[in-house]
Amino acid sequence: VGTQKTRRGRLKKPFIKVEDMDQLYRPFYLQFTNMPFINYSTQKPCSPFDVDKASSIQKQTQVKLRIQMDGHKYGGSSVQLQLKEKKKKGYCECCLQKYEDLETHLQSEQHRSFSQSNQYEIVDDIVSKLNFDFVEYERDIPKKKRIKYSF
Ligand SMILES: [Zn+2]
């Protein structure tokens, strides 16, 4: 196909290329505009790989600005929700399945049947060897009659 790019060439500098010595796997690369630089002038618990404070503050304000702009479009709360939802993406090791939204996946047929299966016996076996030494209270039963302080 004519539109397909050729997969040959040299990496643009600066870069890091890692490959296994037997050459059985695809190499992977990091290409930067700037290689990490040890910055001794950052304040103490900050990473020496932090870029200069001025530019990182600039970045933060840029992100804030974008959120504010989106906020005008969608309303502030929905932007926060969108940010939260992004975090909930992941991979379920029980179902061996990627999911876009954690809550939705937890409600799915496949996951629910796993969660109610006996696949957790291996955990229960270990738990059964532990000693339960908390004080166990009876369940609070809500009293129907409220104590009246009137005469
Ligand atoms: Zn699952």
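Caption draft 1: The arrangement of the overall build of the protein chain in detail. The helix and strand tally for the protein chain stands at 5 helices and 4 strands. Along the protein chain, helices (α) and strands (β) appear in the sequence β-β-α-α-β-β-α-α-α when read from the amino end. The burial tally for the protein chain puts 6% of its 151 residues in the buried class. For the protein chain, long-range pairs separated by at least 24 residues make up 1% of all intrachain contacts whose partners lie at least 6 apart in sequence. For the protein chain, the exposed area adds up to about 16,200 Å²; of that, 55% sits on carbon and sulfur atoms.

Caption draft 2: Local environment of the pattern of salt bridges. All told, the structure shown has 3 salt bridges when counted by the stated rule. The salt bridge involving Asp101 is made with Lys88; its shortest N-O contact spans 3.9 Å. Placement of Asp101 in the loop between β4 (97-99) and α3 (102-107) and of Lys88 in the loop between α2 (76-87) and β3 (90-92) is noted, with a sequence separation of 13 residues between them.

Caption draft 3: Spatial organisation of the coordination of the zinc ion. On the protein side, the zinc ion has Cys92 (SG), Cys95 (SG), His105 (NE2) and His111 (ND1) as donor atoms, found 2.0 to 2.3 Å from it. Sequence positions of the donors to the zinc ion reduce to the motif C-x2-C-x9-H-x5-H.

Caption draft 4: View of unusual backbone geometry. The linkage connecting Lys13 with the following residue, Pro14, adopts the cis geometry, with an omega of 0 degrees. Here Leu96, not a glycine, exhibits a phi torsion of approximately 50 degrees, which is positive. As for its position among the elements, Leu96 is in the loop between β3 and β4. By relative accessible area, which is 63% here, Leu96 ends up exposed.

Caption draft 5: Fine view of the confidence of the model for the protein chain. With 68% of its residues at a pLDDT of 70 or more, the protein chain has an overall mean of 81. Per-residue pLDDT stays below 50 along residues 61-65; that stretch engages in 0 contacts with residues further than four places along the chain or on separate chains. In the model, residues 67-77 has pLDDT below 50 throughout and makes 6 contacts with residues more than four positions away in sequence or in other chains.

Caption draft 6: Looking closely at the state of the cysteines. This structure, assessed with the given rule, holds 0 disulfides. Of the cysteine sulfurs around Cys94, a residue in no disulfide, the closest is that of Cys92, at 4.3 Å. Taking relative accessible area as the criterion, Cys94 reaches 28% and is therefore assigned partly exposed.

Here is what the cut-offs are and how they apply
Residues numbered from 1 in each chain as written. Predicted model: local features only at pLDDT ≥ 70, side-chain atom pairs only at ≥ 80, totals over all residues. Heavy atoms only, no water. Helix = DSSP H or I, 4+ residues; strand = E, 2+ residues; numbered from the N terminus. Buried < 20%, exposed > 50% of the residue type's maximum accessible area, 1.4 Å probe, protein only. Contact = heavy atoms within 4.5 Å. Areas by Shrake-Rupley, 256 points an atom, 1.4 Å probe, with all protein chains shown as cover. Salt bridge = Lys/Arg side-chain N within 4 Å of Asp/Glu carboxyl O. Donors = N, O, S within 2.8 Å, 3.2 Å for Na, K, Ca; no water. pLDDT = per-residue confidence, 0-100. Disulfide = S-S within 2.5 Å.

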